[in-house]
Structure formats: structure tokens, C-alpha cells
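Below are the chains, spelled out letter by letter.
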Amino acid sequence: IACVSSLKYKPGLRQGWINYSQDCNYNAKSYEHKKIQIGKWIDEIRPQSICDIGANTGEFSLLACEKGIPVLSIDSDHDVIEANYTNVVKNHPNLLRLVVDITNPSANFGWNNSERSSFLSRFHFDLLLVLGLIHHLVITHSIPLEKIALMLSQLGEAAIVEFVPESDTNAKRLLDRKEGLIHSYSLEFFEKTFHE
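Counting from 1, residues in each chain are numbered in the order their sequence is written. Confidence filtering applies because this is a predicted model: local features only for residues at pLDDT of at least 70, side-chain atom pairs given and counted only at 80 or more, and all residues used for totals across whole chains, interfaces and linings. Each side-chain value is derived from all of the structure's non-hydrogen atoms; neither hydrogens nor water enter the calculation.

A. Spatial organisation of the sheet that holds strand β2 (residues 71-75). In short, DSSP must find at least two bridges between two strands for them to pair. Only DSSP runs of H or I reaching four residues or more are called helices, and only runs of E reaching two or more are called strands; each is numbered from the N terminus. Strand order in the open sheet formed by 5 strands is β3-β2-β1-β4-β5, and the pairing between neighbours is parallel. With partners counted over all chains shown, the strands left at the sheet margins are β3 (95-99) and β5 (156-161), one partner each. Put simply, the sheet's adjacent strands are angled 20° from each other on average, direction ignored. Here an axis means a line fitted to C-alpha atoms, over the contact stretch when the element is a helix, while the angle between two N-to-C directions is reported on a 0 to 180 degree scale.

B. Quick peek at the packing of helix α8 (residues 145-155) against helix α10 (residues 187-195). Where α8 meets α10, the closest approach of the two axes is 9 Å, and the angle between their N-to-C directions is 35°. Crossing of α8 against α10: the hand is right-handed. Residues Leu-145, Glu-146, Ile-148, Ala-149 and Leu-152 of α8 touch α10, and the partners they reach there are Phe-189, Phe-190, Thr-193 and Phe-194. Per-class residue counts for the contact of α8 with α10 are 7 nonpolar, 1 polar and 1 charged. Note on convention: the crossing is left-handed when the near helix lies turned anticlockwise from the far helix by less than a right angle, right-handed when the turn is clockwise. We call two residues in contact when some of their heavy atoms are within 4.5 Å. Throughout, the ten residues Ala, Val, Leu, Ile, Met, Phe, Trp, Tyr, Cys and Pro are labelled nonpolar, Asp, Glu, Lys and Arg are labelled charged, and all others, Gly among them, are labelled polar.

C. How the structure looks around the layout of surface pockets. Definitions used for this entry: grid spacing 1 Å over protein atoms alone; cavity, a set of points where a 1.4 Å probe fits but cannot get out; pocket, an open set with protein on both sides within 12 Å along at least 5 of 7 lines; lining residue, one with an atom within 4 Å of a point. Grid points are joined across faces, edges and corners, and a volume is the space filled by probe spheres set on the points. As a volume, the second largest pocket reaches approximately 170 Å³. Along the walls of the second largest pocket sit Glu-146, Ala-149, Leu-150, Leu-152, Ser-153, Gly-156, Glu-157, Ala-158, Ala-159, Thr-193, Phe-194 and Glu-196, which together make up its complete lining. Among the secondary structure elements, those contributing two or more residues to the lining of the second largest pocket are α8, β5 and α10. With 5 residues, α8 is the largest single contributor of residues to the lining of the second largest pocket. A breakdown of the residues in the lining of the second largest pocket according to their chemical character gives 6 nonpolar, 3 polar and 3 charged.

D. Inspection of the nonpolar core at higher detail. Only buried residues count toward a nonpolar core, which is a set of Ala, Val, Leu, Ile, Met, Phe, Trp, Tyr and Cys residues joined through side-chain atoms within 4.5 Å. Relative accessibility decides the category of a residue: with a 1.4 Å probe and only protein chains considered, values under 20% of the type maximum give buried, values over 50% give exposed, and everything between is partly exposed. Counting residues in hydrophobic clusters, the biggest one holds 27 residues, and the most contacted among them are Ile-53, Ile-74, Leu-128, Val-130, Ile-134, Leu-152 and Tyr-185. It is α8 that contributes the most residues to this core, 5 residues altogether. With residues near it in sequence (within four places) discarded, Ile-74 still touches Cys-51, Asp-52, Ile-53, Gly-54, Ala-55, Ile-81, Leu-98, Val-100, Ile-102 and Phe-119.

E. Representation of the environment of Val-100 within the structure. Tracing the sequence through the fold places Val-100 in the loop between β3 and α6 (119-122). By relative accessible area, which is 12% here, Val-100 ends up buried. Separated by 23 residues in the primary sequence, Val-100 and Asp-77 place their C-alpha atoms 8.2 Å from one another. Sequence-distant contacts of Val-100, defined by excluding residues within four places in its chain, comprise Ile-74, Asp-75, Ser-76 and Phe-119.

F. Main features of helix α9 (residues 169-177). Listed in full, the buried residues belonging to α9 are Asn-170, Ala-171 and Leu-174. Seen from one end, α9 has its buried residues packed into an arc of 100°, which puts them on one side. The definition of a polar contact used here is a pair of N or O atoms within 3.5 Å, where within protein one atom must be able to donate a hydrogen and the other to accept one, and adjacent residues in sequence count solely through side-chain atom pairs. For α9, the N-terminal cap is Asp-168; the gap from its side-chain oxygen to the backbone nitrogen of Asn-170 is 2.8 Å. Here, the arc refers to the directions that run from the helix axis to the C-beta atoms.

G. Layout of the pairing of β2. Among the 5 residues in β2, 5 count as buried, and that is most of the element. Along β2, one buried face is formed by Val-71, Ser-73 and Asp-75 and the opposite face, lined by Leu-72 and Ile-74, is buried too. Sheet topology note: the strand β1 (residues 50-53)/β2 ladder contains 4 bridges and is parallel. In the sheet register, Ile-53 faces β2, and the bridge partner there is Ile-74. Where the polypeptide runs from β1 across helix α4 (residues 59-65) and back to β2, its parallel neighbour, the crossover connection is right-handed. Consider the strands pointing away from the viewer: the crossover is right-handed when the path from the first strand over the helix to the second runs clockwise.

H. Molecular detail of the packing of aromatic side chains. To pair, rings of Phe, Tyr and Trp, with the six-membered ring standing in for Trp, must have centres within 6.5 Å; the planes then decide the type, stacked if under 30 degrees apart, edge-to-face if over 60, and tilted in the middle. One pass over the full model with this rule turns up 6 aromatic pairs. With 4.7 Å between their ring centres and 40° between their planes, Phe-190 and Phe-194 make a pair best called tilted. With a gap of 4 residues between them, Phe-190 and Phe-194 both fall in helix α10, about one helical turn apart. Exposure remark for Phe-190: the relative accessible area of 9% places this residue in the buried category. Relative accessible area serves as the criterion here: at 25%, Phe-194 is assigned to the partly exposed category. An aromatic cluster is defined as three or more aromatic residues linked by ring pairs; in this entry it consists of Phe-163, Tyr-185, Phe-190 and Phe-194.

In C-alpha cells, the structure reads:
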């Protein structure tokens with residue numbers, strides 16, 4: 001027990017998203033405005049459960065938790081989930097953090113593939129927070145907006161989805177690295193797809 005309690009997590013050497021909040025295109029004022037606006041939308045929707053997909057270090061998960069709403073906070077980056085746990089609120093009763101790659105969520109597994117259900121079939125949420133993630137899914141992972149909208153509609157009743165335009169410096173960085181097909185990605189197409 002002494003050994004386990006004294007272990008400390010050391011972030012990996014790979015370049016992850018641990019510094020995203022410092023590297024994004026929001027200045028302090030606009031980031032604060034984003035938090036206030038999302039807080040207002042959460043109050044209007046009045047969800048009983050939330051999944052924060054691509055939660056990073058958990059600032060928006062905590063915003064919802066402080067309203068007394070149970071939140072599942074997921075990200076594919078182990079380091080940001082660790083920071084979410086150690087830097088935000090270690091034992092918040094309404095916050096569960098999991099390392100989940102939404103582009104490859106866990107499938108049914110165990111005996112006869114029926115012992116444990118897939119991630120997507122186990123949950124259904126009143127509200128999804130999908131902030132600063134869409135451009136990664138479309139540009140990096142080549143997932144069409146139509147498929148993203150369909151998956152989100154199956155996972156939750158409502159969603160707050162942030163569209164990051166191609167002019168954003170992080171989106172440009174992803175586009176510069178991308179080779180091959182990039183699916184339709186524009187604000188107009190995003191609005192049309194998610195409206196449907």
C-alpha cells in the first residue's frame with residue numbers, strides 16, 4: 001500500500017494536448033466569454049447528464065459539475081485526463097474521467113462478445129459538450145461531418161458543438177500535415193449537416 005500511495009504519474013514524452021488551453025486562439029477575455037455562454041446554455045437545457053467529449057483538462061466538465069450535473073469527461077490523451085484529475089478537483093462526486101478515443105471507442109468484448117457492452121451502447125446523455133474537437137475528427141481522422149452528427153445524435157439528446165474554422169491556426173496546422181482526402185469542412189456545411 002505504501003508503494004502504491006507514493007507512485008506519481010509522469011506525463012509521457014510524446015507531444016499531446018496538455019497545453020491546449022494556452023495554445024488555442026482564445027485570449028483570456030474571449031475564453032471567459034465562452035465559459036459564460038456555455039454555462040448559460042447548460043442552464044437553458046437543464047440536462048440531467050452530460051458527456052464532455054474531448055474534454056482536455058476538464059474546465060468545461062467542472063463548469064457543469066459545479067451546477068450539480070453528473071458529467072462523464074472523456075479524452076483520448078492520457079496526460080490531459082491525468083491533469084483533469086490532479087489539477088481540477090480530485091474527487092468531485094459528479095465527475096467521472098475516462099481515457100476514451102471517440103474515433104475508436106471500446107467495442108463489445110468478453111465471452112461471446114456479450115460480457116461487456118460497447119462504450120457507445122452503455123451511455124445516453126441529455127447533453128454532449130463537443131468543444132474544439134470537430135476539426136480534429138474531420139481533418140486528422142478523415143471522418144465526414146455527416147457521420148459525426150449521426151454518432152452524436154445517437155449518443156445524446158442535445159449537443160453544444162464548437163465549430164473551429166479552417167482559418168484557425170490549429171486547424172491550419174492540421175491541414176498542413178494532412179495528405180489525401182479531406183471531407184467537406186465549412187461553417188455552412190457544418191450548420192446544414194447538424195441541422196438535419
